[in-house]
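Next come the chains, spelled out residue by residue.
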Amino acid sequence: MIDVEELTVRFDDVLALDGASLSVDDGEFLTVVGPSGCGKTTLLRSVGGLQTPTSGEARVGGDPPETAQSAGDLGFVFQSHTLFPWKTALENVVFLRELAGRDPERERARERLDTAGLGDAVDAYPRELSGGMCQRVAIVRAMHLGASTLLMDEPFGELDELTRYDMAASVLESWRDSDRTVLFVTHSVPEAVLLGDQVIVMADNPGRIVDRVDVSLPRPREESTMDTAGFAEQVAEIRQVLRQNRGDDEGAIYAER
Ligand SMILES: Nc1ncnc2c1ncn2[C@@H]1O[C@H](COP(=O)(O)OP(=O)(O)O)[C@@H](O)[C@H]1O
Ligand SMILES: [Mg+2]
């Protein structure tokens, strides 16, 4: 469970986040969507204990984020992968579990890499893999840690269209099987709708939360879900909220992925 109360983050004269409040229930998949620069990463970093708020607070499972993190209860996937260059893909995936004092479950890790299309890359080093492959290893690593709360910041950014939805499917599958709580940031409205139970909509200048929209699409959701009329309606609804909250002086473009 994640609780964010009146979170404000100021960088000099930039109000990156202005009094953001949200809560994510245990087992809920919450997506956050908004234009570039609206404070999505700042929000996620604050929830993860990597950014000290100017005021307000974030709690994970009732504790300060730092406590959850040191207990191995918090998994991260960042916008750019953060693999250890001196470790192979497999070693990267099991390392966080070893660090948390858990059974590394190497065979399970191999299976997960295989499912992510990385069966041939298990023993490769990050420098031998493409950016998209490294990003997939980082996603597998976060899943394998088994943390009860997962924070994901545009994790599919470097992936091509097909791989993106394969990874989305495997994230959804792993989430369903594990009942973990996910906070997932994206600038893609379709991605936010496909994945989320609810979508938090943000706006910029100052960075803030403007709406929380229920996604009323049945699960399990698949790539074909995106071809349904219901899906198109939800996407349109959120695009409308984004447009209503767009500053008049800017022509922000929302990526249509
Ligand atoms: N460390 C920092 N120092 C100064 N400004 C920052 C820093 N991090 C983010 N910002 C600014 O805060 C705003 C929100 O950034 P960010 O959270 O990265 O947005 P998003 O992830 O939605 O693109 C932007 O204006 C950005 O330039
Ligand atoms: Mg960002």
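What counts and how
- The written sequence of each chain sets the order in which its residues are numbered from 1.
- Labels are handed out in written order, letters beginning with A for the chains and numbers beginning with 1 for the ligands.
- The model is predicted, so local features are restricted to residues of pLDDT at least 70 and side-chain atom pairs to those at 80 or more, both for listing and for counting; the totals for chains, interfaces and linings are taken over all residues.
- Water and hydrogen atoms play no part in the side-chain values, which are based on all heavy atoms of the structure.
- UniProt positions are given in the numbering used here, feature names are shortened, and annotations may be inferred rather than shown by experiment.
- Counting from the N terminus, the helices are the DSSP runs of H or I reaching at least four residues and the strands are the DSSP runs of E reaching at least two.
- Orientation is described by axes fitted as lines to C-alpha atoms, over the contacting stretch for helices, and by angles from 0 to 180 degrees between their N-to-C directions.
- Roughly parallel here means an angle under 35 degrees, roughly antiparallel means over 145, roughly perpendicular means 65 to 115, and every remaining angle is called oblique.
- Note on definitions: a residue-residue contact is assigned when non-hydrogen atoms from the two residues lie within 4.5 Å.
- Any two strands between which DSSP finds at least two bridges are classified as paired.

Thoughts on the UniProt feature "domain: ABC transporter" (unreviewed entry) in the protein
Item 1. Mapped onto the present numbering, the UniProt feature "domain: ABC transporter" (unreviewed entry) falls at residues 2-229.
Item 2. Between the C-alpha atoms that bound residues 2-229 the distance is 32 Å, and the span itself is 33% helix and 26% strand.

Section: the packing of helix 5 (residues 131-145) against helix 6 (residues 161-178)
Relative orientation and spacing of two packed helices are given, respectively, by the angle between their axes and the distance between those axes.
Item 1. Their axes nearest at 11 Å, the elements helix 5 and helix 6 cross at an angle of 5 degrees. By the criterion of interaxial angle, the relationship of helix 5 to helix 6 is roughly parallel. Mapping the contact onto sequence places Arg136, Ile139 and Met143 in helix 5 and Thr163, Met167, Ser170, Val171 and Ser174 in helix 6.

Structural notes on the sheet that holds strand 3 (residues 29-33)
What holds strands together in a sheet is hydrogen bonding between their backbones, with the strands either parallel or antiparallel.
Item 1. Ordered in space as 5-6-7-3-8-9, the 6 strands form an open sheet in which the pairing is mixed. The sheet is open, and its two borders are formed by strand 5 (74-77) and strand 9 (208-214), each paired with just one other strand. Neighbour-to-neighbour, the strand axes of the sheet open up by a mean angle of 15 degrees, direction not taken into account.
Item 2. The pairing of strand 3 with strand 8 (residues 198-203) spans 4 bridges and is parallel. The residue of strand 8 that forms the bridge with Val32 is Ile200.
Item 3. Sitting on the sheet, helix 5 touches strand 5 and strand 6 (149-153), and the angle it makes with strand 5 is about 170 degrees.

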